[in-house]
Every structure is written in structure tokens, then in C-alpha cells.
Amino acid sequence: MPVRSNNKTSNKSYNKLKAVEECRQRLKQLEAENNRLLDWLSFLQEGAIFDWENKKKKMKRNIPKKFRGIYDKAKNGKSRKMAIRAFCLECCSYSSKEVKLCTDEGCPLYKYRLTG
Ligand code: SF4
């Protein structure tokens, strides 16, 4: 049986670790998405369809702390860039990396997604 070189083995290990890390990140995104959907579901079940203030509070709770400033600036009408940024971040489950990798050229915000 041929002996594997250390370099190949370490490359494989690195790739496995990278794949595991990507899976963890995707899992976090799915959990965030799941929480948002559960909030929506409970919101609808409560029959509070017109209780927008409550919905906004719940929505803000789901935004990771580091992105809440962007959301606030967008919501206060202070910055269009931040509004685009906030929308794209929500679209991509609050992953900046995913916003950069967005391939939806049909989206009206596509050309502006990296300006925020
Ligand atoms: S540009 Fe991409 S990330 Fe931004 S809202 Fe559109 S689809 Fe989502």
C-alpha cells in the first residue's frame, strides 16, 4: 500500500475542517431563519396581524447585535445605504459573506448590495 505524503493528508484534514466549519455556519443561518419563522408563526397565531410594533420588536430581537445599528439607521430613515444593507443582510440570514456571494442578478438591489 502506498504511503501518503503528509502534505496530502494535511490538505484533506484542512478541507474536512473547512467543510465542518461551513456546515456550522449554515446551521447557524438555518437556526436564525427557523427562529424568524417561528416568531412569524406565533405572531400569526396570536391573531396580532396588525400589531406591527410587537412584530418590529420581535424582528429586532432576531437581528444579531452587530447588525442592529444598521437596522436602526435604516429604520430611522437616516441612510439609504443602510436600508439596502439591512435588507440584503436579512435576505441572507445575516451573513455578510452570503451577501457578497449573492448571484440573484434579477434582484433590484443586486448592484447596490455591497455599497452599504
Ligand atoms: S441583492 Fe441579493 S442579497 Fe440583496 S436582497 Fe437581492 S437577492 Fe437578497
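Scroll up for the structure.
The structure reproduced in this document is the subject of the present report. Chains are numbered independently. Their residues run from 1 in the order of the written sequence. It should be noted that, the model being predicted, local features are given only for residues of pLDDT at least 70 and side-chain atom pairs only at 80 or more, the latter also being counted only at that level, while totals for whole chains, interfaces and linings use all residues.

Let's talk about the overall build of the protein
So, point 1. Runs of E in the DSSP output that reach at least two residues are strands. Runs of H or I that reach at least four are helices, and both are numbered from the N terminus. Looking only at helices and strands, the protein features 5 helices and 0 strands.
So, point 2. Shown N-terminal to C-terminal, the secondary structure of the protein runs as helices and strands in the order α-α-α-α-α.
So, point 3. A buried classification covers 11% of the 116 residues belonging to the protein.
So, point 4. Our contact criterion uses C-beta atoms placed from the backbone: two residues qualify when those atoms are within 7 Å. Residue pairs at least 24 apart in sequence account for 40% of intrachain contacts in the protein once pairs closer than 6 positions are excluded. Partly exposed residues are those whose C-beta has more than 12 but fewer than 20 other C-beta atoms within 10 Å; with 20 or more the residue is buried, with 12 or fewer it is exposed, and the C-beta atoms are placed from the backbone.

Let's talk about the site of the ligand
So, point 1. Using a C-beta atom placed from the backbone for every residue, we mark a residue as near a molecule or strand if that atom lies within 6 Å of it. Neighbouring the ligand are Phe 87, Cys 88, Cys 91, Cys 92, Val 99, Cys 102, Asp 104, Cys 107, Leu 109, Tyr 110 and Arg 113.
So, point 2. If you tally residues by element for the shell around the ligand, the top one is helix α4 (residues 80–91), at 3 residues.
So, point 3. Per-class residue counts for the shell around the ligand are 9 nonpolar, no polar and 2 charged. Residues are sorted three ways: Asp, Glu, Lys and Arg are charged, Ala, Val, Leu, Ile, Met, Phe, Trp, Tyr, Cys and Pro are nonpolar, and all the rest, Gly among them, are polar.

A look at the packing of helix α3 (residues 65–75) against α4
So, point 1. Angles here are taken between N-to-C directions and fall from 0 to 180 degrees, while the axes themselves are lines fitted to C-alpha atoms, restricted in helices to the stretch in contact. With their axes 8 Å apart at the nearest point, α3 and α4 run at an angle of 130 degrees to one another. Between α3 and α4, the angle falls in the class oblique. The crossing of α3 and α4 is left-handed. On the side of α3, the interface is formed by Phe 67, Ile 70, Tyr 71, Lys 73 and Ala 74, while α4 contributes Met 82, Ala 83, Arg 85, Ala 86 and Leu 89.
So, point 2. Across the contact of α3 with α4, the residue classes break down as 8 nonpolar, no polar and 2 charged. For classification purposes, an angle smaller than 35 degrees is called roughly parallel, one larger than 145 roughly antiparallel, one from 65 to 115 roughly perpendicular, and anything else oblique. Crossing handedness: left-handed means the near helix sits turned counterclockwise from the far one by under a right angle, and right-handed means the same turn made clockwise.

A look at the nonpolar core
So, point 1. Residues enter a nonpolar core if they are buried, belong to Ala, Val, Leu, Ile, Met, Phe, Trp, Tyr or Cys, and are joined to the set through C-beta atoms within 7 Å. Membership of the largest hydrophobic core is limited to 10 residues, which are Ile 70, Tyr 71, Ala 74, Ala 83, Ile 84, Ala 86, Cys 88, Leu 89, Tyr 94 and Val 99.
So, point 2. For this core, the secondary structure elements donating two or more residues are α3 and α4.
So, point 3. Top element by residues in this core is α4. It accounts for 5 residues.
So, point 4. Apart from the residues within four sequence positions on either side, Tyr 94 is in contact with Ala 32, Ile 63, Pro 64, Phe 67 and Leu 89.

The analysis is restricted to geometry; functional conclusions fall outside its scope.
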